[in-house]
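Each chain, written out:
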Amino acid sequence: MYNFGQRLKLARESADFTQEKLAEKLGVSRTAVARWESNDIEPKLQNLIGIAELLHVSTDFLLGICCTPNITISNLSDDAILALERLISEIKKSVQDK
């Protein structure tokens with residue numbers, strides 16, 4: 001099971017954020033982000049909410065209450081969204097044909 005720091009790092013890397021970029025957006029030092037990821041310290045509630053918003057995950061995911069991050073398409077291009085819709089349609093079709 002992942003701890004908070006591991007979940008934060010996973011979400012940060014999945015969102016293509018560096019520690020520096022996340023720190024800048026939150027108004028904290030890069031050292032603070034590194035210490036969160038190494039579980040030396042925990043972020044304040046305000047920062048936890050900011051992390052979730054910036055990285056497009058739930059606070060429940062970060063805190064280990066649920067096991068998977070939310071999947072969002074807000075950062076995808078229209079072409080990527082269309083490709084996903086086609087893929088989902090094909091999967092549904094293949095399942096129905098069985």
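Our structure is the block above this text.
How each quantity is defined
- Within every chain, residues take consecutive numbers counted from 1 along the sequence as written.
- Thresholds applied to this predicted model are a pLDDT of at least 70 for local features of residues and 80 or more for the giving and counting of side-chain atom pairs; totals over whole chains, interfaces and linings are not thresholded and use all residues.
- As a rule here, side-chain values cover all heavy atoms of the structure and leave hydrogens and water aside.
- Grouping buried Ala, Val, Leu, Ile, Met, Phe, Trp, Tyr and Cys residues that are joined through side-chain atoms within 4.5 Å yields what is termed a nonpolar core.
- When a residue's accessible area, from a 1.4 Å probe over protein chains only, is under 20% of the maximum for its type it is buried; when over 50% it is exposed; and in between it is partly exposed.
- Secondary structure counts use DSSP, requiring at least four H or I residues in a row for a helix and at least two E residues in a row for a strand, with both numbered from the N terminus.
- By the convention used here, residues are in contact when the closest approach between their heavy atoms is within 4.5 Å.
- What counts as a salt bridge is simple: a side-chain nitrogen of Lys or Arg found within 4 Å of a carboxyl oxygen of Asp or Glu.
- Classification of ring pairs uses Phe, Tyr and Trp, with its six-membered ring standing for Trp, and accepts pairs whose centres are within 6.5 Å; under 30 degrees between planes counts as stacked, over 60 as edge-to-face, and the remaining range as tilted.
- Geometrically, a charge over a ring is one whose NZ (Lys) or CZ (Arg) sits within 6 Å of the ring centre while staying within 35 degrees of the ring normal.
- Any pair of nitrogen or oxygen atoms within 3.5 Å is treated as a polar contact; in protein, a donor-acceptor pairing is required on top of that, and neighbouring residues in sequence qualify only through side-chain atoms on both sides.

Asks: Describe the nonpolar core, with residues and values.
Replies: Residues L8, L22, W36, I51, L55 and L62 are the most contacted members of the largest nonpolar core, which totals 17 residues. Only α1 (4-14), α2 (19-26), α3 (30-37), α4 (45-55) and α5 (59-63) provide two or more residues apiece to this core. Ignoring anything within four residues of it in the chain, the contact list for L55 reads L8, A11, R12, A15, F17 and L22.

Asks: I'd like to hear about the pattern of salt bridges, residue by residue, with values.
Replies: The tally for this structure, following the rule as stated, stands at 2 salt bridges. Ionic pairing is found between E37 and R12, a salt bridge with its closest N-O pair at 2.5 Å. Taken together, the residues span a long stretch of sequence, with E37 in helix α3 and R12 in helix α1 at a distance of 25 residues. Judged by its relative accessible area of 7%, R12 falls in the buried class. A salt bridge links E20 to R30, with the nearest nitrogen and oxygen atoms 3.9 Å apart. Linking E20 in helix α2 with R30 in helix α3, this pair joins segments that are 10 residues apart in sequence. R30 sits in the partly exposed class, given a relative accessible area of 35%.

Asks: A description of the packing of aromatic side chains should follow, citing residues and the corresponding values.
Replies: If you walk through the whole model with that rule in mind, you get 0 aromatic pairs. The aromatic ring of F61 is capped on one face by R7, whose charged end is 4.9 Å from the ring centroid. Just above the ring of F17 sits the side chain of K21; from NZ or CZ to the centre is 4.4 Å.

Asks: Help me get a handle on the side chain of E37, residues and values and all.
Replies: Given a relative accessible area of 13%, E37 falls into the buried group. A distance of 2.8 Å separates the side chain of E37 from the side chain of Q19, its partner in a polar contact. Residues within four places of E37 in sequence aside, it is in contact with G5, Q6, L8, K9, R12 and Q19.

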